[in-house]
Amino acid sequence: MSKIKVGINLLKVINCGMLCNVKLLHFLNFILCSRSLLSLRLLLLLKPQGSDSIRPKRENTILICAPLDRKRRRIHSTRFQGVYTLRARERIPSNKTETTFNLDFLIWFYRENFSTMPALCYLLEGMGSSCSRSHSVNEANTEENLKAVEIDRRILQETKAEQHIHRLLLLGAGESGKSTIFKQIKLLFHTGFSEAELRSYTSVVHANVYQTIKILYDGSKELTQIESDSSKYVVSPDNKEKGERLSELGSRLDHPFVTKEITQDIMNLWQDAAIQETFSHGNMLQIPDCAQYFMDNLDRLSQPDYVPTKEDVLYARVRTSGVVEIQFSPVGESKKSGEVYKLYDVGGQRNERRKWIHLFEGVTAVIFCAAISEYDQTLFEDETKNRMMETKELFDWVLKQKCFEKTSFMLFLNKFDIFEKKVQKIPLSVCDWFKDYHPTTSGKQEVEHAYEFVKKKFEELYFQSSKPDRVDRVFKIYRTTALDQKLVKKTFKLVDETLRRRNLMEAGLL
Amino acid sequence: MSVAELKEKHAAATATVNSLRERLKQRRQLLLDTDVATYTKNQGRSPVNFSATDLVCCRTLQGHTGKVYALDWTPEKNWIVSASQDGRLIVWNALTSQKTHAIKLQCPWVMTCAFAPNGQSVACGGLDSACSVYTLSSQSDRDGNIPVSRILTGHKGYISCCQYVPDQETRLITSSGDQTCVLWDVTTGQRISIFGGEFPSGHTADVLSLSISSTNPNMFVSGSCDSTVRLWDLRIASRAVRTYHGHDGDVNAVRFFPDGLRFGSGSDDGTCRLFDMRTGHQLQVYARPDRNDDEIPTVTSVAFSISGRLMFAGYSNGDCYVWDTLIAEVVQNLGTLQNSHEGRISCLGLSGDGSALCTGSYDKNLKIWAFGGQRKVI
């Protein structure tokens, strides 16, 4: 330590006024406990009263090492013998004589790894001039300095406050149920939907009804052209006119509210054999999953004073825009054990994921939603691509991202209820990824068998896509039906448990 | 006409367009007889003399608790605003390296920030698909945060870049992931013009960056994931004035040359390119000298020195090359100097008078580099 070599990081000129040792100590304490500066050392130069400028002479140099012991302030000095213990009222000595100080001082921060001499000369130059400058423009600088210190303190405080919040990111292909999970969490653990929010969904529900019937009608026309056995898709003549009108209404941006006459038309069209046939063979069309539910409840939806129920809201489909977030705390057995979670749904971004996914580096866990019922459906954006393959590619891509190296993955195999019904009619092997599947039995056991097969496929994919050093991150698969509130609650409790266990492990307590 | 026939027609039309593009490309090759570097060398010029002490890191701005994503200087006052992953905007005084303002944003996913020409307000945008404007002189609330003065909504995708029109505090341009750029009137919050979108000559993928010409503020260029850069005139929103092809990957950064007649662009293919604005030719390719094909570091940001002789390019592996624009050689790598960044360089910018360069990085710091010693500012 014979030469003080300085690598410049910060240069501050602080004027604390006359004999305010307490302030100095508080200030030093704050600086030294601040996380980013823990590895730094302080060089404290004191100006004895009466002198006009400071030169870094050896006599007035005191070196302080971090971190300071809270109770007893220790100042180690290279120039002085021994150690000085400083208590609140003690004055800072210099030259071993006790003198009152005008605390004009410079605090220099420097790192352990030193830089070269030219930099030191530069600093000394700057330092010399700023010292004398500071002497004359004290007041102006003081305010700025205090403000800067205040900002640092606030940043530290805010960062500390946020440390215990676990952040979860919902990812998944389009229509995999992310937003439904989001809404469920809102209903379960948050305050749920307010009256105003429920009301705001009325237009969404009506829009969904129009969209559904339009897709069905247009779909039936398309199928008559494509399918060989086209006669079963031809709508009966009296319903045709209604179909055309509804289709036109559905393509407009502002739909009229669903009135009694329109309801009657929709019901007639829905019950037409051709439309029913189209619906059952709807895997090539983009029929939303809520179709059956809304059609069944059409009477209730068309009432003039209709306010959507919570279940209606869960089924309603609207493309989310931007990012939505929700902060909640699943209450455990004892109120105190509740962790705080923040859930983010980025579903609405219809663009290059790779350009913004790095923003989420450092989230606690990624909840990846995969709708296992869509193994026979094609994408909305690209009708030649199978949805399950898209999900597979997306999952693979997400696993390989550098920003998720240490993130836990919770895979939700969603839409199990639809999967149950579908797997008995349409074999899994229609999807390329599952082409080596052979049904063994039938009925309930078959469903379980199929589910286990899909689960195993995802597990294989996980291990294939994770580099050897990453395989240790937490990876769990859950079976979900996003619309079933009890199931979501149970699933989430399991997720919470997993994450808490991970926390304890990381803290070295398990 | 049935769906199948329509699809066939579409495929045929696409093929025609592609073949026409090929022909254009070949024609352009014929017209272009040399590039900037070859010409300069033929004239007998040599690379600028740049040693390790010519550009020194004189300040490190610490305080962000997350990766720094974007930064911007004020034109006169030497203040810098930086945006980071922790959801904060911090305004620094570059000379004293102190923080003057710290703004905690409502939506923490911020990707860009910009200073108004008068230095009184800052704008930022990100995943929330809206651009928020904060006036620095407004009263902070009891938590110490400055309230937002205006939110500009209307985009359907994330905001990747925003910039104020020079000398006009009320107009700013944003580029977004929904493939459009929009000119806003800040006082009313309305969109004045939309560049791209439904119009056929707009970008066909996310727009990642934009740069407004300082000599002619009516022109700006935007770079996008579709590997092209497009030139727009503020007064004509219906079509792009010109499209510049040449890059092989997403164009991450574009910056006008100081004279406003050329611009540089940096891309995921690891190269920077210099284009002539008026003829559309690609004047020069700046490709990294080390050629290992495992993982090519991508260019994240580009800036020119005040005369244009030097081009600063930040890369994803932490390098910051100083290119001699005329000779197309690397004269310095700031990433290897003392005190350089430890992570990828995400943004860089030159101060208004050109005497200092600020770089921001994923290691949560910003560094200010100044021309030191005997070196005059070029």
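What counts as what
- Going along each chain's sequence as written, the residues are numbered from 1 onward.
- Here the convention is simple: chains get letters from A, ligands get numbers from 1, in the order in which they are written.
- Owing to the predicted nature of the model, reporting of local features is limited to residues with pLDDT of at least 70; listing and counting of side-chain atom pairs is limited to 80 or more, with chain, interface and lining totals taken over all residues.
- Only heavy atoms go into the side-chain values, all of them from the structure, while hydrogens and water stay out.
- UniProt positions are given in the numbering used here, feature names are shortened, and annotations may be inferred rather than shown by experiment.
- A helix here means a DSSP run of H or I that spans at least four residues, while a strand means a run of E at least two residues long, and both kinds are numbered starting from the N terminus.
- Only protein chains enter the accessibility calculation, which uses a 1.4 Å probe. A residue is then buried if its area is under 20% of the maximum for its type, exposed if over 50%, and partly exposed in between.
- Should any heavy atoms of two residues lie within 4.5 Å, those residues are considered in contact.
- Areas reported here follow the Shrake-Rupley algorithm with a probe of radius 1.4 Å; residue values treat only the protein chains shown as occluding.
- Note on pairing: DSSP must find at least two bridges between two strands before they are called paired.
- To get an axis, a line is fitted to the C-alpha atoms, and for a helix only the part in contact is used. The angle between two axes follows their N-to-C directions and goes from 0 to 180 degrees.
- Residues enter a nonpolar core if they are buried and are Ala, Val, Leu, Ile, Met, Phe, Trp, Tyr or Cys, with the set joined through side-chain atoms within 4.5 Å.
- Polar contact is the term for a pair of N or O atoms within 3.5 Å; when the atoms are in protein, one must be able to donate a hydrogen and the other to accept it, and sequence-neighboring residues count only if both atoms are side-chain atoms.
- Here's the idea: put two parts together, see how much 1.4 Å probe accessible area each one loses, and the total over both is what we call buried area.
- What counts as a salt bridge is simple: a side-chain nitrogen of Lys or Arg found within 4 Å of a carboxyl oxygen of Asp or Glu.
- We call two directions roughly parallel when the angle between them is under 35 degrees, roughly antiparallel when it is over 145, roughly perpendicular when it lies between 65 and 115, and oblique otherwise.
- Should the near helix be turned counterclockwise from the far one by less than a right angle, the crossing is left-handed, whereas a clockwise turn marks it as right-handed.
- The residue classification treats Ala, Val, Leu, Ile, Met, Phe, Trp, Tyr, Cys and Pro as nonpolar and Asp, Glu, Lys and Arg as charged. All others, Gly included, are polar.

Per an unreviewed UniProt entry, chain B is named Guanine nucleotide-binding protein subunit beta, and its organism is Rhynchospora breviuscula. Word for word, the UniProt comment on chain B under Sequence similarities (unreviewed entry) is "Belongs to the WD repeat G protein beta family."

In the nomenclature of an unreviewed UniProt entry, chain A corresponds to Guanine nucleotide-binding protein alpha subunit from the organism Rhynchospora breviuscula. Recorded in UniProt for chain A, the comment headed Subunit (unreviewed entry) runs: "G proteins are composed of 3 units; alpha, beta and gamma. The alpha chain contains the guanine nucleotide binding site." Recorded in UniProt for chain A, the comment headed Cofactor (unreviewed entry) runs: "Mg(2+)".

Each helix and strand in chain A was counted, giving 16 helices and 12 strands. With 510 residues in all, chain A has 48% of them scored as buried. Look at the contacts in chain A between residues 6 or more apart in sequence, and 71% of them connect residues 24 or more apart. Of the roughly 26,000 Å² of accessible surface on chain A, 52% is carried by carbon and sulfur atoms.

All names here are of chain B. Sheet architecture is open: 4 strands sit in the order 6-7-8-9, paired in antiparallel fashion. Edge positions in the open sheet fall to strand 6 (110–115) and strand 9 (150–153), since each of these has one partner strand only. Each adjacent strand pair in this sheet contributes to an overall mean axis angle of 20 degrees, direction not counted. Note that strand 8 (residues 130–135) and strand 9 share 4 bridges and pair antiparallel. Following the sheet pairing, S132 is matched in strand 9 by I151.

So, on to the pairing of strand 7 (residues 165–172) of chain A. Residue and element names in this part refer to chain A. Judged by how many residues are buried, strand 7 sits mostly within the fold: 7 of 8 residues are covered. With 6 bridges joining them, strand 7 and strand 9 (residues 340–345) adopt parallel strand pairing. Bridge pairing in strand 9 places H166 opposite Y341.

Further remarks concern the UniProt feature "binding site: Mg(2+)" (unreviewed entry) in chain A. The positions UniProt marks with the feature "binding site: Mg(2+)" (unreviewed entry) are S179(A) and T320(A). Structurally, S179(A) is set in helix 4 (residues 178–189).

Residue and element names in this part refer to chain A. As for its position among the elements, Q225 is in helix 6 (residues 202–226). Classification of Q225 as exposed rests on a relative accessible area of 52%. Residues Q225 and P439, spaced 214 residues apart in sequence, show a C-alpha to C-alpha distance of 33 Å.

With that out of the way, let us pick up the nonpolar core. The nonpolar side chains of a soluble globular protein tend to be buried with one another. All names here are of chain A. In terms of nonpolar packing, the biggest core is built from 53 residues, with F360, F404, F419, L428 and F458 touching the most fellow members. Among the elements of the structure, strand 7, strand 10 (365–371), helix 13 (387–400), strand 11 (408–414), helix 14 (416–425), helix 15 (444–465) and strand 12 (475–479) are those that each provide at least two residues to this core. Of all the elements, helix 15 adds the most residues to this core, at 8 residues. Not counting residues within four places of it along the chain, the set of residues in contact with F419 comprises I372, S373, Y375, L428, V447, A450, Y451 and V454. Residues L216, L246, W270 and V313 belong to the second largest nonpolar core, which totals 30 residues.

Residues and elements named next belong to chain A. Summarising the element assignment, T491 is placed in helix 16 (residues 485–506). Overall, the relative accessible area of 5% leaves T491 in the buried class. Engagement of the side chain of T491 in a polar contact is seen with the backbone oxygen of L487, the distance being 2.6 Å. Ignoring anything within four residues of it in the chain, the contact list for T491 reads F412, Y478, R479 and T480.

Taken together, the contacts link 41 residues of chain B with 37 residues of chain A. Interface area for chain B against chain A, summed over the two sides, is near 3,400 Å², with a carbon-plus-sulfur share of 48%. Looking only at chain B, the three residues that lose the most surface to chain A are Q98(B), W109(B) and L127(B), adding up to 20% of its buried area. Linking chain B with chain A are 7 salt bridges. Here D268(B) makes a salt bridge to K355(A), at a shortest N to O gap of 3.4 Å. Where chain B packs against chain A, one counts 16 residue pairs in polar contact (both at pLDDT 80 or more). Elements represented by at least two residues in the side of chain B that touches chain A include exactly strand 1 (55–61), strand 4 (88–93), strand 5 (98–104) and strand 6 of chain B.

This part is about the UniProt feature "repeat: WD" (unreviewed entry) in chain B. All names here are of chain B. As recorded in UniProt, the feature "repeat: WD" (unreviewed entry) lies at residues 61–102, 152–194, 200–242, 244–285 and 338–369. The annotated region residues 152–194 carries 0% helix and 58% strand content, and the separation between its end C-alpha atoms amounts to 13 Å. For residues 244–285, the helix share is 0%, the strand share is 52%, and the end-to-end C-alpha distance is 13 Å.

Before going further, it helps to spend a moment on unusual backbone geometry. Its identity as a non-glycine residue notwithstanding, K415(A) has a phi of 60 degrees, on the positive side. Assignment of secondary structure puts K415(A) in the loop between strand 11 and helix 14. What makes K415(A) buried here is its relative accessible area of 13%. With phi around 55 degrees, S97(B) is a residue other than glycine that occupies positive phi space. Relative to the helices and strands, S97(B) is located in the loop between strand 4 and strand 5.

Moving on, we get to the packing of helix 14 of chain A against helix 15 of chain A. Residues and elements named next belong to chain A. Interhelical geometry of helix 14 versus helix 15 gives an angle of 115 degrees and a closest axis separation of 9 Å. Taken together, the axes of helix 14 and helix 15 are roughly perpendicular relative to one another. Between helix 14 and helix 15 lies a crossing of right-handed hand. Counting all contacts with helix 14, which are made through F416, F419, E420, V423 and Q424, the residues of helix 15 involved are K444, V447, E448, A450, Y451 and V454. Looking at the contact of helix 14 with helix 15 residue by residue, the class counts come to 7 nonpolar, 1 polar and 3 charged.

We now examine the environment of S220(A). Within the secondary structure, S220(A) is located in helix 6. Spatially, the C-alpha atom of S220(A) lies 50 Å from that of I165(A), the residues being 55 residues apart in sequence.

Time to look at the pairing of strand 4 of chain B. Residues and elements named next belong to chain B. Burial analysis of strand 4 places 6 of its 6 residues in the buried class, the great majority of the element. Going residue by residue along strand 4, you find R88, I90 and W92 tucked away on one face and L89, V91 and N93 tucked away on the opposite face as well. Across 5 bridges, strand 3 (residues 79–84) lies against strand 4 in antiparallel orientation. Across the sheet, residue I80 finds its bridge partner in strand 4, namely W92. Turn length for the strand 3-strand 4 hairpin, with the two strands adjacent in sequence and antiparallel, is 3 residues, and the turn residue G87 shows positive phi of about 80 degrees. Relative to strand 5, strand 4 is paired through 6 bridges, and the arrangement is antiparallel. Bridge assignment links R88 to a residue of strand 5, and that residue is K104. A loop of 4 residues connects strand 4 with strand 5, the two strands running antiparallel in sequence, and S97 in this loop sits at a positive phi of about 55 degrees.

All names here are of chain A. With their axes 9 Å apart at the nearest point, helix 13 and helix 15 run at an angle of 35 degrees to one another. Crossing angle aside, the handedness with which helix 13 passes helix 15 is right-handed. Two secondary-structure elements touch here, helix 13 through M388, K392, F395, D396, L399 and K400 and helix 15 through F458, L461, Y462 and S465. Residue composition of the contact of helix 13 with helix 15, by class: 6 nonpolar, 1 polar and 3 charged.

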